[in-house]
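Each chain, written out:
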Amino acid sequence: MAKIFPFKALRYDPAKVSPSQVVTQPYDKISPAMQERYYAASPYNLVRVILGKAEPDDHEQNNVYTRAAASLEHWRDQHVLVRDAEPSIYLYTQTFKVPGGPTETLLERRGFIAAGQLEEYDKKVVFRHEQTLSKPKADRLNLLKATQSHFGQIFMLYSDPAGAVDSALQQNRPPDVEVRDEYDVVHRMWRVSDPATIQKVQAAMDDKKLIIADGHHRYETALNYRNDMRQTGRGDANAPSERLMMTFVNMDSPGLVVLPTHRVVFGLEGFDVAAMNAKLGRYFDVVDLVPATDVQSAMDRLREAGKQGSTLLAVTANGTFLLRSHQKQDSPALAGQSERQRGLDVVQLHKLVLEETLGMSEEDIRDQKHLKYVREAKEAAEEVAKGANVAFLMNPVRMQQVRDIAFGGEVLPQKSTDFFPKLLSGLTIYSLEDDAQGTAAGGH
């Protein structure tokens, strides 16, 4: 099943640069303001490779991808990036507080970084849980071709109720890298090169199935690249293009947190709260939370009501409303949805509320027309105060639901899951060119 391999990672030399000045959030989570901040932090910041700035006179020989490759080569020449001497896997922990959570308790998520075997979805080893778009895949493929390297890890989930893998990787020494990021998350990493430990982890992973938590686009990009290599005769079973850098996290761990992504609807002409609530009455019990409730109290009500079934929260200029789903929904908007899908809050929101009640099309939702996705409930509510039509606040999808959907061969709507915290890019880099020289690990 899941085949994992040690590799000789390219890593920043802490004697040359401070890791906190050069690592980044995943490329698709970097806002323009963050990009500017990363650029200013260090001339060696990884953003110059994974999300470089476009320039007005860019052309085929000089563009974000060629500059990324040049930066990577320059940093290696200067020994700012140095390759580990031994094939290794890398224990990776993240200590954090849940944003907007009901508790200030520190949580720890544990995982490990390794090279994972790429598998087609129909092999039933790797499962996706959400839809992907083609544009990000084209961008990542261009970067991969230019640099021959993977800079961020695909976030993979596996099931290990006994925690055997985490136990095998337990370390008692100080970490090799420790970074506190802009979300106050502390990231720690240890290099593990002991062959007996690596073999123990490989054996424990051998019967596992994997769910992609984050990184669908990059996974499918790597698959496409692998297939290109095979077709041109440059790929065999042990070629570096057959593998991808992944972080593996136990989905049964209490440190695994899924946050909701709230929806803000704006710019709908003729929007009327009373008319919306009247239509919603066909599918939900609409409860007016009066007197006016602050966002945190409303979220507490949502959290409690969600234990009994699908529940949403609608924040409008005219008040906040708790929407409790009726047990049986016979809307034609749900036609073609499996029972697993119908039980998801996000599917009921998209199909019964956004499409049927507010008249938005699937294409509108996909293209984010009149729709904005927001992590923080308070921020979503503030959008309404600024003039948005309505904010729909949600409970997170449960991990068991993600597991059942993925292993059932289905996918969730876009922006259904927000696994927090994100995995930093730049802690380890997997160079395909280095491995192609035959000096990296195979099946150690």
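Residues numbered from 1 in each chain as written. Predicted model: local features only at pLDDT ≥ 70, side-chain atom pairs only at ≥ 80, totals over all residues. Heavy atoms only, no water.

Enquirer: I would appreciate a short explanation of the overall build of the protein chain in the present structure.
Expert: Regarding its fold elements, the protein chain presents 16 helices and 21 strands. The globule rule puts the C-alpha radius of gyration for 444 residues at 22 Å, and the 23 Å found for the protein chain is close to it. In terms of principal-axis extent, the alpha carbons of the protein chain reach across some 65 × 55 × 45 Å. The buried share among the 444 residues of the protein chain stands at 55%. Of the contacts formed within the protein chain by residues at least 6 apart in sequence, a portion of 78% connects residues at least 24 apart. Only carbon and sulfur atoms are counted for the fraction: they give 48% of the accessible area of the protein chain, which is about 19700 Å². Each charge class in the protein chain can be summarised by its mean position, and for the 54 positive and 60 negative side chains these summaries are 2 Å apart. (Helix = DSSP H or I, 4+ residues; strand = E, 2+ residues; numbered from the N terminus. Rg over C-alpha atoms; globule rule 2.2 N^0.38 Å. Buried < 20%, exposed > 50% of the residue type's maximum accessible area, 1.4 Å probe, protein only. Contact = heavy atoms within 4.5 Å. Areas by Shrake-Rupley, 256 points an atom, 1.4 Å probe, with all protein chains shown as cover. Lys, Arg positive; Asp, Glu negative; His and termini not counted. Charge placed at Lys NZ, Arg CZ, Asp CG, Glu CD.)

Enquirer: Honestly, the packing of aromatic side chains in this entry has me stumped. Any pointers?
Expert: By convention here, two paired aromatic rings are described through the distance between centres and the angle between planes. This structure, assessed with the given rule, holds nine aromatic pairs. On the numbers, 5.2 Å between centres and 70° between planes, the contact of F7 with Y430 is edge-to-face. Taken together, the positions of F7 in the loop between β1 (4-5) and β2 (10-12) and Y430 in strand β21 (residues 430-431) put the pair 423 residues apart, joining distant regions of the chain. An aromatic cluster is built from F7, Y90 and Y430, whose rings are joined through pairwise contacts. In this structure, R37 packs its charged tip against the face of Y38, placed 5.8 Å from the ring centre. For the cation-ring pair, K209 lies above F407, with the distance from its terminal atom to the ring centre recorded as 4.4 Å. (Phe/Tyr/Trp six-rings, centres within 6.5 Å; stacked < 30°, edge-to-face > 60°. Lys NZ or Arg CZ within 6 Å of the ring centre and 35° of its normal.)

Enquirer: How do you make sense of the pairing of strand β4 (residues 89-96) when you look at a structure like this?
Expert: Extensive coverage of β4 is indicated by the burial of eight of its eight residues. In β4, alternate side chains face the same way, and those of I89, L91, T93 and T95 on one face and Y90, Y92, Q94 and F96 on the other are all buried. Examined bridge by bridge, β4 and strand β5 (residues 107-117) share seven bridges and lie antiparallel to one another. Counterpart to Y92 in the pairing with β5 is G111. (Pairing = 2+ DSSP bridges.)

Enquirer: Teacher, can you tell me more about the pairing of strand β17 (residues 319-325) here?
Expert: Along any regular strand, the residues point their side chains to alternate faces of the sheet. Burial analysis of β17 places five of its seven residues in the buried class, which makes it a mostly covered element. As paired elements, strand β16 (residues 311-316) and β17 share six bridges and run antiparallel to each other. Pairing of V315 across the sheet is with T320, part of β17. If you look at the hairpin formed by β16 and β17, you'll find two residues sitting between the two strands.

Function cannot be read off these values alone, since they describe shape.
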